[in-house]
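The lines below spell out each chain.
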Amino acid sequence: MLKFISSGCLLGGLLMASSVLAQDIILPPANRTGGMSLMQAITERRSHRSFSDRDLSLEDLSQILYAAFGLSASDKYTIPTSMGKGDLKVYAVRADGIYAYIPQTHTLKQIADTDVRSIFNTQDYMSTVPLILVYTGTDKENAPLHAGSAYQNVGLYAASAGLNSVVRGYFDEAALAQVLPLEPGEFIIVSQAVGYPTVDE
Ligand SMILES: Cc1cc2nc3c(=O)[nH]c(=O)nc-3n(C[C@H](O)[C@H](O)[C@H](O)COP(=O)(O)O)c2cc1C
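Every chain begins its residue count from 1, and numbering advances along the sequence as written. The predicted nature of this model means local features are confined to residues of pLDDT at least 70 and side-chain atom pairs, given and counted, to a pLDDT of 80 or more, with totals for whole chains, interfaces and linings taken over all residues.

Asks: Describe in detail the packing of helix H3 (residues 58–69) against helix H4 (residues 143–161), supporting the description with residues and values.
Replies: For helices, the fitted line uses only the C-alpha atoms of the stretch in contact; every axis is such a line through C-alpha atoms, and the angle between N-to-C directions lies from 0 to 180 degrees. Where helices and strands are cited, they refer to DSSP runs of H or I of at least four residues and of E of at least two residues respectively, numbered from the N terminus. At a minimum axis distance of 7 Å, the contact between H3 and H4 shows a crossing angle of 145°. Both H3 and H4 take part in a crossing whose hand is right-handed. For the pair H3 and H4, contact is made by Asp-60, Gln-63, Ile-64, Ala-67, Ala-68 and Phe-69 and by Ala-150, Asn-153, Val-154, Tyr-157 and Ala-161, respectively. Taken together, the residues of the contact of H3 with H4 sort by class into eight nonpolar, two polar and one charged. Crossing chirality is assigned from the near helix's rotation relative to the far helix, an anticlockwise turn below a right angle marking it left-handed and a clockwise turn marking it right-handed. Each residue gets a C-beta atom placed from its backbone, and two residues are in contact if those atoms lie within 7 Å. Amino acids are sorted into nonpolar (Ala, Val, Leu, Ile, Met, Phe, Trp, Tyr, Cys and Pro), charged (Asp, Glu, Lys and Arg) and polar (every other residue, Gly among them).

Asks: Explain H3 residue by residue, including any values.
Replies: Between the first and last residue of a helix there are one fewer steps than residues, each counted as 1.5 Å, and that sum is the expected span. Taking 1.5 Å per residue as the helical rise, H3 with its 12 residues ought to reach 16 Å, and the 16 Å between its terminal C-alpha atoms agrees with that figure. Between the buried cut of 20 or more and the exposed cut of 12 or fewer other C-beta atoms within 10 Å of a residue's own C-beta lies the partly exposed class, and all C-beta atoms are placed from the backbone. Counting buried residues in H3 gives 10 out of 12 residues, a clear majority hidden from the surface. Where H3 is concerned, the buried positions are Asp-60, Leu-61, Ser-62, Gln-63, Ile-64, Leu-65, Tyr-66, Ala-67, Ala-68 and Phe-69. Contacts from the buried residues of H3 go to strand E3 (76–77), strand E4 (89–94), strand E5 (97–102), strand E7 (131–137), H4 and strand E9 (187–195).

Asks: I'd love a proper account of the sheet that holds E4, names of residues and values included.
Replies: Read across the sheet, seven strands follow the order E1-E6-E5-E4-E7-E9-E8 without closing on themselves; strand pairing throughout is antiparallel. Taken across any chain shown, the strands that pair with only one partner, and hence form the sheet edges, are strand E1 (25–26) and strand E8 (164–168). What makes two strands pair is DSSP finding at least two bridges between them. Inspection of the sheet shows E8 paired to E9 by five bridges, in the antiparallel sense. From the neighbouring strand, Arg-168 faces E9, where its bridge partner is Ser-191. Of the strands in this sheet, E4, E5, E7 and E9 are in contact with H3, which crosses E4 at around 155°.

Asks: Explain H4 to me, using residue names and the numbers behind them.
Replies: With 19 residues, H4 should reach 27 Å at 1.5 Å per residue; the first-to-last C-alpha distance of 27 Å fits that figure. Residues of H4 that are buried include every one of Ala-143, His-146, Ala-147, Ala-150, Tyr-151, Val-154, Gly-155, Leu-156, Tyr-157, Ala-158, Ala-159 and Ser-160, and no others. Packed against the buried residues of H4 are helix H2 (38–44), H3, E4, E7, E8 and E9. Backbone geometry just after H4 places Gly-162 at a positive phi near 75°.

Asks: Requested: an account of the site of the ligand, with residues and values cited.
Replies: Taken together, the neighbourhood of the ligand is formed by Arg-46, Ser-47, Arg-49, Gln-123, Val-166, Val-167, Arg-168, Gly-169, Tyr-170 and Val-190. Looking at the shell around the ligand element by element, the count peaks at three residues for E8. Any residue whose C-beta atom, as placed from the backbone, lies within 6 Å of a molecule or strand is termed near it.

Asks: Which residues make up the environment of Gln-23, and what values do they have?
Replies: Tracing the chain through its elements places Gln-23 in the loop between helix H1 (11–16) and E1. A tally of 15 C-beta atoms within 10 Å means that Gln-23 is categorised as partly exposed. Distance in space between the C-alpha atoms of Gln-23 and Ile-111 is 9.3 Å, their sequence separation being 88 residues.

Asks: Could you give an account of unusual backbone geometry, with specific residues and numbers?
Replies: Of note, the phi angle at Met-83 is positive, near 55°, even though the residue is not glycine. If you trace the backbone, Met-83 turns up in the loop between E3 and E4. Non-glycine residue His-106 carries a positive phi angle of around 50°. By secondary structure assignment, the location of His-106 is in the loop between E5 and strand E6 (107–112).

Structure follows, in structure tokens:
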């Protein structure tokens, strides 16, 4: 049985919430410099379909969420968004539950404490992946474009850091909609699996 964490109104309220609960993940500040050259990362980006079950370090988790939809300035995201409105939400699905990414505080707010990764097991390689990002939005025209920018940023970070990643459109969307606290008008766009390579890769 899925157990939602009770912390008042979910995402809408969470965006406003300043309180941090024990089960939330406070991400370390993202490292905004260094790494592989951009052209090399563009060249090396690939979809990978095997993952170690090793959990991601907090540092890598921080970089991934920052790349996806972090704030690079007080009112600027790491991706362009239509009219600067930032119509995108990023959820992180992990073994220890479901989290909503809050760019303003660079934290992951836990919204459920159940492992729902089996929803994504429509392809075998998903059974061990430690992180699945789920992109949602409300603007039918523009939110999917925002998701594309976000998953490309994550794919480039993964390439530069030696992580494996793959965009996933193939999953049980109805089951996922049951476990995400979708607000009226909010719809699921696509997902993306991220993890370390297996030792034999
Ligand atoms: C919107 C979208 C949905 C995708 N869905 C899946 C998927 O469900 N399963 C999968 O294994 N790969 C999926 N992919 C990855 C593509 O198969 C992959 O990008 C393509 O084969 C090209 O390979 P490359 O990414 O290594 O260049 C998806 C890619 C995109 C952009």
